[in-house]
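Coordinate analysis (summary)
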Amino acid sequence: MNNNTIQLAYLLATALFIFSLKWMNHPSTARRGVLAGVAAMLMAVVGTLINPGIVAANFKWIALAVIAGTIIGVPLSWVPLTAVPQRTALSHAFGGLAAGLVGVAEFYDKFAVGGQGLGRFEVGALCAEVLLGFLTFTGSLMAAGKLQELKFIPSRPVTYRGQNVMNLSLLGLALIFCVLLVAHTHKYQHLFPFVVLLALVFGVLLIIPIGGADMPTVISLLNSYAGLSAVAMGFVTNNKLLITAGALDGSSGLILSIIMCKAMNRSFTNVLFGAFGQVTAGAAEAQKKTAKSCAPNDAAQLMEQASLVVIVPGYGMAVAQAQHRVREIYDQLTKRGITVKFAIHPVAGRMPGHMNVLLAEAEIPYEDLVEMDEINPEMPQCDVCLVIGANDVVNPAARNNKGSPIYGMPIIDADKAKTVLAIKRSMNPGFAGIENELYYAERTLMVFGDAKAVTGEIAKTLASE
Ligand code: NAP
């Protein structure tokens, strides 16, 4: 097939990848964005398959890889929304493994023909590809295991003395090997498998000290490593599409990690070395304080008398899959002329956009979803703030308690509402493992129970009146 056709397919795919990211920025164009991404990937694959070098090769292996990918990929797409972070980690693991394996194959293929095409630049790119690819592979597997709470991978941070020194020494050793390989490829070719091995070990050690709580941020960081590995692979195989797609992947992963860190008011170093997510000693002690509670039908009556109700959804709504019951409450209240708004915190749930996706699934009008910065000035006028399975994102300690691990994190000012109704199953802490003084506040009433059951009860009461 004509090389121009292939380059045209690659060019179109690049443009579509960029448009895809742009369109995914807004819910009204997100569907188009996903379709553009799928079309771009299809064009990239077809463009590669019609490459004369590939046509000459045996298609049997490619067909086998497609079948294996389908067998693994299709069931992976069935996971519930709450398990998407670990599913994404698995995808990055496969991406990293693929890049790493291509790097190994390229290295030894070129060696088999006397090292042709293995200049310093190529060896440097190969080393980067293999290092980043394999550390992404094991790192992402560990991250997926921690999020899935697999028994043999503790999700709490595992720390020991000298850990950072040991990890950095391993990385340093791998980098020294890479430099030697670049300088004298033939002389030091035996070091190449050690680079692979060190990268695999480093991936595991990098993730061990990080708690399950910080995995979403780490996953998007690993995403950017996988992207950079693909860029290096693009340079090695002289494939411009891989370079641009990898750069888009790498930069979007990094931007996402930065957004998450900012929304939690934490730095990268704090995420990677902060051992965040262990239940603090104070949490148990504070539970001796008493919180007031009410039944779902009392909550319904309180809401009926309000003019402005602000609903703050959080991780608990996602786990309970309560969004459709929440929609029923929304319908009942708006039918009565009550204004209902949804306050969306950028890191509510376990991944950016988590709440937007769930509420869109329940067909809640997008214009009623209000970003944190916009809703906060309205909170003192809010008659009832209904907090559904949210905890850290409404914890006033982030504003008032300098000693709190979440101090400085922007929050939704639920505590400023005239009445707060908080639905959760117990007084247990949320993701950050710290108690929430909002639940003990004078104006707060807890509505204990599973979010789906409680919101269902509230909707039923409202419908029967
Ligand atoms: P959260 O702090 O994890 O709290 C969720 C609350 O939901 C828990 O206190 C839990 O209390 C309750 N819950 C769990 N299952 C429930 C059920 N079936 N029914 C009712 N309640 C249930 O959640 P959040 O307020 O959404 O905060 C998100 C946290 O994730 C933040 O700390 C954020 O920094 C972190 N994070 C988010 C992202 C992101 O991108 N979204 C990324 C990294 C980190 P009970 O056990 O008592 O029910």
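For the structure, see preceding data.
Read on for an overview of the structure.

The rules we used
- Residues numbered from 1 in each chain as written.
- Predicted model: local features only at pLDDT ≥ 70, side-chain atom pairs only at ≥ 80, totals over all residues.
- Heavy atoms only, no water.
- Axes fitted to C-alpha atoms, helices over the stretch in contact; angles between N-to-C directions.
- Helix = DSSP H or I, 4+ residues; strand = E, 2+ residues; numbered from the N terminus.
- Parallel < 35°, antiparallel > 145°, perpendicular 65-115°, else oblique.
- Left-handed = near helix turned anticlockwise from the far one by under 90°.
- Expected span 1.5 Å × (residues − 1).
- Buried < 20%, exposed > 50% of the residue type's maximum accessible area, 1.4 Å probe, protein only.
- Arc of directions from axis to C-beta.
- Contact = heavy atoms within 4.5 Å.
- Nonpolar A, V, L, I, M, F, W, Y, C, P; charged D, E, K, R; others polar.

Overview of the packing of helix 1 (residues 3-23) against helix 2 (residues 27-49)
The N-to-C vectors of helix 1 and helix 2 enclose an angle of 160 degrees; their axes lie 8 Å apart at closest approach. Classified by the angle between their axes, helix 1 and helix 2 sit roughly antiparallel to one another. Judged by the twist between their axes, the crossing of helix 1 over helix 2 is left-handed.

What about helix 1?
Over its 21 residues, helix 1 runs 30 Å from end to end, which matches the ideal 30 Å to within 8%, given 1.5 Å per residue. Those residues of helix 1 not exposed but buried are Ile6, Ala9, Tyr10, Ala13, Thr14, Phe17 and Ser20. End-on, the buried residues of helix 1 take up no more than an arc of 140 degrees, which puts them together on one face. With respect to the buried face of helix 1, the exposed residues turned more than 90 degrees away are Asn4, Leu8, Leu11 and Lys22.

A word on the packing of helix 6 (residues 120-147) against helix 7 (residues 163-183)
When two helices pack together, their arrangement is given by the angle between the helix axes and the distance between those axes. Remark: helix 6 packs on helix 7, axes separated minimally by 8 Å, with the N-to-C direction vectors making an angle of 155 degrees. Considered as vectors, helix 6 and helix 7 are oriented roughly antiparallel to each other. Both helix 6 and helix 7 take part in a crossing whose hand is right-handed. Judged by residue contacts, Arg120, Val123, Gly124, Cys127 and Leu131 of helix 6 engage Ala174, Leu175, Cys178, Leu181, Val182 and Ala183 from helix 7. The residue inventory of the contact of helix 6 with helix 7, partitioned by class, reads 9 nonpolar, 1 polar and 1 charged.

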